Amino acid sequence: MVPASYNYRNLIVRWKTTLMTACGFMLVVAALIIMLAFVNGVRTVCAESGQPENVITMKQGCSDEILSQMDKRMVSRIEATPGVLRGDDGWPLASRELFMAITQRNEETQQYVQIQARGMYPVALLVHTQVRITRGRMFRRNHREVVLGIGVAREHQIHVGDKLPMGQLEWDVVGIFEAGGSAFESEAWCDMDQLAGHFHREGVYSSVVLRTASPAAAQQAVEYLENNRAVAVDVLSETDYYEKQAQQTNVLRAGAIVVSVFMAIGAVFGVTNTMFAAIGERVKDIAVMRILGFRRSEILISFLLETLLIALIGGALGMLFGYAINGLTLSTALGGKSVAFAFKVDAPILAIAGVFTLVMGVIGGLLPAMSAMRVEPLEAMR
Amino acid sequence: MSEPIIFVDDLHKVYRTGSVLVRALRGIDFEMAAGEFVSLMGPSGSGKSTLLNLIAGLDKPTSGRVTIGGQVISDMDEATVARWRSAHVGFVFQFYHLIPVLTAYENVELPLLLFNMSAAQRRQQVLTVLELVSLSHRLTHRPGQLSGGEQQRVGIARALVTDPMLIVADEPTGDLDTHTSDEILDLMQAVHESLEKTILLVTHDPRAAGRAQRRVQMDSGRLSVETEALQIDNCKLQIEN
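Each chain carries its own residue numbering, running from 1 in the written order of its sequence. Chain letters start at A and ligand numbers start at 1, both assigned in the order the entries are written. For this predicted model, a pLDDT threshold of at least 70 governs which residues receive local features, and a threshold of 80 or more governs which side-chain atom pairs are given and counted, while totals over whole chains, interfaces and linings are taken from all residues. Values reported for side chains reflect all heavy atoms of the structure, with hydrogen atoms and water molecules removed beforehand.

Observations regarding the overall build of chain A
Right, on to step 1. Within chain A one finds 13 helices and twelve strands.
Right, on to step 2. Its C-alpha atoms give chain A principal-axis dimensions of roughly 95 × 50 × 30 Å.
Right, on to step 3. Evaluated residue by residue, chain A yields a buried proportion of 52% over its 382 residues.
Right, on to step 4. It only takes one pair of heavy atoms within 4.5 Å for two residues to be counted as in contact. Contacts in chain A between residues far apart in sequence, at least 24 positions, make up 79% of those at least 6 positions apart.
Right, on to step 5. Accessible surface, chain A: about 17200 Å² in total, of which carbon and sulfur atoms supply 59%.
Right, on to step 6. Note that His is not counted, nor are the chain ends; the positive residues are Lys and Arg, and the negative ones are Asp and Glu. A single reference atom marks each charge: NZ on Lys, CZ on Arg, CG on Asp, CD on Glu. When the 34 positive and 35 negative side-chain charges of chain A are each reduced to one mean point, those points stand 7 Å apart. For helices the rule is a DSSP run of H or I covering at least 4 residues; for strands it is a run of E covering at least 2, with both sets numbered from the N terminus onward. When a residue's accessible area, from a 1.4 Å probe over protein chains only, is under 20% of the maximum for its type it is buried; when over 50% it is exposed; and in between it is partly exposed. Accessible areas in this description were obtained via Shrake-Rupley with a 1.4 Å probe; residue shielding takes into account the shown protein chains only.

Encoded structure:
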């Protein structure tokens, strides 16, 4: 085999060209990682939001809570679904919830911010069992108090003891909760009657979440409600509901791949051009190696490896830059909601970036390497 | 004189330059004995480099045969002749043709990478030949850091490192001044005498050709004159006197 030192020393000799070409790969790989990390982060939020034992019901035809409106009569029928667990007081573990996106002008920054408020009764904590109050306390019934998800508190820099304007009034922030990184962390939770009263939504509910004993029981509840003509609801297990929300990211993922492929074509042309120029300068080296007895295939592999080396340098830098975004939190619209998420760079994404780098390297290096392989020693030496 | 090991039988080479067919070799019959030092002289276009390339397995004849060490190399396919070349032929070029990014040591080691040898074995062989060409102190120097004469010494060491049965040298002193040329020719002669290498030297320089045991003259694709070593030596003495 042609020694690898031949290739890497040539790369060092042409370090400026090498670096510029590698930068093309770096940009592609970094962009790919960032886009996939975005999708991954949003999907993670969705995956962690649902509990398989929970069943979410909304008005028929409404794919999102923000559009759903159900009256008390329908909600009572939903609560009577067989298989719903009951609390110590004998009441079903069914959480009536009113979900609202409230746009509010921040007087300090003069900018509009959106607060996602969820009105509920105390039973909600027995249904959404992943929720934990980590600072302060839970809101009290019939008080104008809110507890904030950690995501929204972090995003708007709100602390326990602060006032949160919602509508015409200011609400006391009495607690911060965490919910395992789920979409709930982007919400402000408060008393149902206070919220409904203030926004004139009395007797209207966005959803009812039912707590069952197991995923199988949840499935049975879903089937029961689907077949019950007395209730016109769309019903899904909570995990299915959030999975459906997450499917919106499939378009983003496809977009990320398409954008990356187009960027990759540019990088591939760059490395092909670089390698053709390099080979043009080194035909005599190639001729000498062929005369000494190196086979055409060994020349091909040598130059292909050289291209891969450039690709790997760029890919490694791209991974480094891409990984730097890991954990960065932002909000994005998902369905009718704004969801706080953290960019998530994980091993599969790095593996995809690695494979992408190698594929770009091979495609970019193949034509030049083939031209190197075809160098006729006697002609080249003249 | 040893038994011949190189047989060239009725060798023809025709190649195309644009629309013109060039008859580079017109029926060459030629033999070389093992350990013989032969120089090939002739004007430009006489076919001497073509003949050297065919004997070294770098090109295919249009017709005729080249047999070396009992193997008909003119019939071998490209990959086979490439490996045969690496084992049996050492090359010395006019412009040295060392790899610029590799050190003197690595340039000499390059042909050995085609063999199944340990790094220690390679090192031993490389150091031996670099010692032979008096370049043990230049192991880590790159070609750009060496003089022309030193580069050609590295070239000779590279040709010797595989212990080939044949060394072909195409104008090895063509790019050197007279003094350095003499040093290189002294070295080649020493290699021939001490290691009993078979050497085929292509040159325009009568002084270089005079170092060979036998001088072969070519003209228009044919061998024209063969001169024995003794006569060459006499010529050389006369020139020197």
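Having put the structure on the table, let's press on.
Let's talk about the packing of aromatic side chains
All names here are of chain A.
Right, on to step 1. Only Phe, Tyr and Trp rings are paired, with Trp represented by its six-membered ring, and only when their centres lie within 6.5 Å; those with planes under 30 degrees apart are stacked, over 60 edge-to-face, the remainder tilted. Scanning the model with the defined rule gives nine aromatic pairs over all chains in all.
Right, on to step 2. Pairing Phe184 with Trp189 gives two aromatic rings, centres 5.5 Å apart and planes at 70°, and the pair type is edge-to-face.
Right, on to step 3. Residue classification places Phe184 among the buried positions, given a relative accessible area of 1%.
Right, on to step 4. Residues Tyr241 and Tyr242 carry aromatic rings whose centres are separated by 4.9 Å and whose planes lie at 80° to one another, so their mutual orientation is edge-to-face.

Some points on the domain arrangement of chain A
Residue and element names in this part refer to chain A.
Right, on to step 1. Taken as a whole, chain A is organised into domain 1 (4–45 + 248–381) and domain 2 (54–211).
Right, on to step 2. The distance between the C-alpha centroids of domain 1 and domain 2 comes to 47 Å.
Right, on to step 3. Contact with domain 1, which involves nine residues of that partner, is made by 14 residues of domain 2.
Right, on to step 4. Throughout, the accessible surface (probe 1.4 Å) given up by two parts as they are put together, summed over both, is called the buried area. In this assembly, domain 1 packs against domain 2 so that about 830 Å² is buried in total across both faces, 46% of it on carbon and sulfur atoms.
Right, on to step 5. Whenever Lys or Arg places a side-chain nitrogen within 4 Å of a carboxyl oxygen from Asp or Glu, that contact is recorded as a salt bridge. Connecting domain 1 to domain 2 are zero salt bridges.
Right, on to step 6. By the criterion applied in these results, polar contacts are pairs of N or O atoms within 3.5 Å in which, for protein atoms, one can donate a hydrogen and the other can accept it, and in which residues neighboring in sequence qualify only through two side-chain atoms. Inspection of the region where domain 1 meets domain 2 yields zero residue pairs in polar contact (both at pLDDT 80 or more). Each domain's extent was defined by an automatic or database domain assignment.

Some words on the pattern of salt bridges
All names here are of chain A.
Right, on to step 1. Counted under the stated rule, the structure contains 27 salt bridges over all chains.
Right, on to step 2. Its salt-bridge partner being Arg118, residue Glu65 comes within 2.7 Å of it at the nearest N-O pair. With Glu65 in the loop between β1 (54–59) and α3 (72–79) and Arg118 in strand β3 (residues 112–120), this pair connects stretches of sequence that are 53 residues apart.
Right, on to step 3. For Glu65, a relative accessible area of 1% gives the class buried.
Right, on to step 4. Arg118 gets classed as buried once you look at its relative accessible area, which sits at 1%.

Notes on the sheet that holds strand β4 (residues 63–68) of chain B
Residue and element names in this part refer to chain B.
Right, on to step 1. For two strands to count as paired, DSSP must find a minimum of two bridges between them. Read across the sheet, four strands follow the order β2-β1-β4-β5 without closing on themselves; strand pairing throughout is antiparallel. Two strands lie at the open edges of the sheet, namely β2 (20–33) and β5 (71–72), each paired on one side alone.
Right, on to step 2. Two elements, strand β1 (residues 4–17) and β4, share five bridges in a ladder whose sense is antiparallel. In the strand pairing of β4, Val8 is matched with Val66.
Right, on to step 3. Here, axes are lines fitted to C-alpha atoms. For helices the fit covers the stretch in contact, and angles between N-to-C directions go from 0 to 180 degrees. Contacts from helix α1 (residues 48–55) reach β1, β2 and β4 within the one sheet, and its direction differs from that of β1 by about 120°.

Describing the interface of chain A and chain B
Interface size, as often reported, equals the accessible area lost upon joining of the parts.
Right, on to step 1. Taken together, the contact between chain A and chain B spans 21 residues of the former and 24 residues of the latter.
Right, on to step 2. Roughly 2100 Å² is buried in total at the junction of chain A and chain B, and carbon and sulfur atoms are behind 64% of that figure.
Right, on to step 3. Its largest share of buried area at the contact with chain B, chain A owes to Arg9, Ile291 and Leu292 of chain A, together 30% of the area lost on that side.
Right, on to step 4. Residue Glu78 of chain B is joined to Arg290 of chain A by a salt bridge in which the shortest nitrogen-to-oxygen separation is 3.5 Å.
Right, on to step 5. Inspection of the chain A/chain B interface yields seven residue pairs in polar contact (both at pLDDT 80 or more).
Right, on to step 6. At seven residues, helix α10 (residues 283–292) of chain A tops the list of elements feeding residues into the side of chain A that touches chain B.
Right, on to step 7. Note on residue categories: nonpolar means Ala, Val, Leu, Ile, Met, Phe, Trp, Tyr, Cys or Pro, charged means Asp, Glu, Lys or Arg, and polar means any other residue, Gly included. Among the residues forming the side of chain A that touches chain B, the class breakdown is eleven nonpolar, three polar and seven charged.

Things to note about the confidence of the model for chain B
Right, on to step 1. Put simply, chain B has an average pLDDT of 88, and 94% of its residues get 70 or more.
Right, on to step 2. Predicted complex, confidence summary: ipTM 0.87, pTM 0.76. How sure the predictor is of each residue is captured by pLDDT, a score from 0 to 100.

Some thoughts on the environment of Gln220 of chain A
All names here are of chain A.
Right, on to step 1. Counting through the fold element by element, Gln220 comes out in helix α7 (residues 215–226).
Right, on to step 2. What makes Gln220 exposed here is its relative accessible area of 56%.
Right, on to step 3. Distance from Gln220 to Thr109, taken between C-alpha atoms, is 50 Å for residues 111 residues apart in sequence.

Side note on the pairing of β2 of chain B
Residues and elements named next belong to chain B.
Right, on to step 1. Looking at chain direction, β1 and β2 are connected through eleven bridges and run antiparallel. Residue pairing for β2: Thr17 is matched across the bridge by Val20.
Right, on to step 2. Counted along the chain from β1 to the antiparallel partner β2, the turn is two residues long, and its residue Gly18 has a positive phi close to 65°.

A look at the nonpolar core
Right, on to step 1. In terms of nonpolar packing, the biggest core is built from 107 residues, with Phe303 and Met360 of chain A together with Phe30, Leu51, Ile55 and Leu200 of chain B touching the most fellow members.
Right, on to step 2. Counting residues per element, this core draws most heavily on helix α2 (residues 15–49) of chain A, which supplies 13 residues.
Right, on to step 3. When we break this core down by domain, the ones giving at least three residues each are domain 1 (4–45 + 248–381) and domain 2 (54–211) of chain A.
Right, on to step 4. Apart from the residues lying within four places of it in its own chain, the contact partners of Leu51 of chain B are Val8, Leu11, Leu25, Ile28, Leu40 and Met218 of chain B.
Right, on to step 5. Grouping buried Ala, Val, Leu, Ile, Met, Phe, Trp, Tyr and Cys residues that are joined through side-chain atoms within 4.5 Å yields what is termed a nonpolar core. Counting 40 residues, the second-largest nonpolar core is a separate cluster that includes Leu98, Leu195, Tyr205 and Leu210 of chain A.

Things to note about the pairing of strand β7 (residues 169–178) of chain A
Residue and element names in this part refer to chain A.
Right, on to step 1. When strand β4 (residues 132–136) meets β7, the two strands line up antiparallel, connected through four bridges. Of the residues in β7, the one forming a bridge with Arg132 is Glu178.
Right, on to step 2. Sheet topology note: the strand β5 (residues 145–149)/β7 ladder contains five bridges and is parallel. Its bridge partner lying in β7, Val146 is registered against Val173.
Right, on to step 3. Relative to β7, strand β6 (residues 163–166) is paired through four bridges, and the arrangement is antiparallel. Along β7, the bridge assignment pairs Pro165 with Glu170.
Right, on to step 4. Connecting β6 to the next strand, β7, in antiparallel fashion are two residues, including Gly167 with a positive phi near 70°.

A look at helix α5 (residues 148–160) of chain B
All names here are of chain B.
Right, on to step 1. For α5, with 13 residues, the first-to-last C-alpha span of 18 Å sits near the 18 Å given by 1.5 Å per residue.
Right, on to step 2. Within α5, twelve of the 13 residues are buried, which leaves the element mostly enclosed by the surrounding structure.
Right, on to step 3. Here α5 has its buried residues at Gly149, Glu150, Gln151, Gln152, Arg153, Val154, Gly155, Ile156, Ala157, Arg158, Ala159 and Leu160. Expected span of a helix: the number of residues minus one, times 1.5 Å.

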